[in-house]
Amino acid sequence: MKKARVNGKVVAASPDAPEMGYCPDCGGRVKIRHRTNMDGAVTYFYRHMRGEGKTCPRRYRPTCINAGS
Ligand SMILES: [Zn+2]
């Protein structure tokens, strides 16, 4: 997800965003991650920590690395 709840506020993932937050939907802990695209651009996003958000509607994989090959 692109956003997380931190100290009661919703923040967008960015290089300056807090490393840890909570999912706006399920309240599970999320951690910031980043990924470098093929073109060198860096994308930031939050992702549920292991074992959290198992029933969360926002739980998804930001990319499927195996897709299309
Ligand atoms: Zn969630």
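Cut-offs and rules
Residues numbered from 1 in each chain as written. Predicted model: local features only at pLDDT ≥ 70, side-chain atom pairs only at ≥ 80, totals over all residues. Core = buried A, V, L, I, M, F, W, Y, C linked by C-beta atoms within 7 Å. Buried ≥ 20, exposed ≤ 12 C-beta atoms within 10 Å, placed from the backbone. Contact = placed C-beta atoms within 7 Å. Pairing = 2+ DSSP bridges. Helix = DSSP H or I, 4+ residues; strand = E, 2+ residues; numbered from the N terminus.

Asker: Summarise the nonpolar core; cite the residues concerned and give the values.
Answerer: Counting six residues, the largest nonpolar core is built from M1, A4, A13, C23, V30 and Y46. Not counting chain neighbours up to four residues away, the residues in contact with V30 comprise A4, G21, Y22, C23, Y46, R47, H48 and M49.

Asker: Go over the pairing of strand 5 (residues 42-48) with me, naming the residues and quoting the values.
Answerer: By the bridge criterion, seven bridges tie strand 4 (residues 29-36) to strand 5 in an arrangement that is antiparallel. Looking across to strand 5, one finds that H34 is bridged to Y44. Between the end of strand 4 and the start of strand 5, which pair antiparallel, lie five residues, with G40 showing a positive phi angle near 90°.

Asker: Got a sec to walk through the environment of G28? Specific residues and values, please.
Answerer: Its place among the elements puts G28 in the loop between strand 3 (20-22) and strand 4. Along the primary structure G28 and A4 are separated by 24 residues, whereas in three dimensions their C-alpha atoms are 10.0 Å apart. Sequence-distant contacts of G28, defined by excluding residues within four places in its chain, comprise Y22, C23, H48, E52, G53 and C56.

Asker: Outline the pairing of strand 4, listing residues and values.
Answerer: Relative to strand 4, strand 3 is paired through three bridges, and the arrangement is antiparallel. Opposite M20, over in strand 4, you have K31 as the bridge partner. Hairpin connection, strand 3 to strand 4: the antiparallel pair is bridged by six residues, and G27 has positive phi, about 80°.

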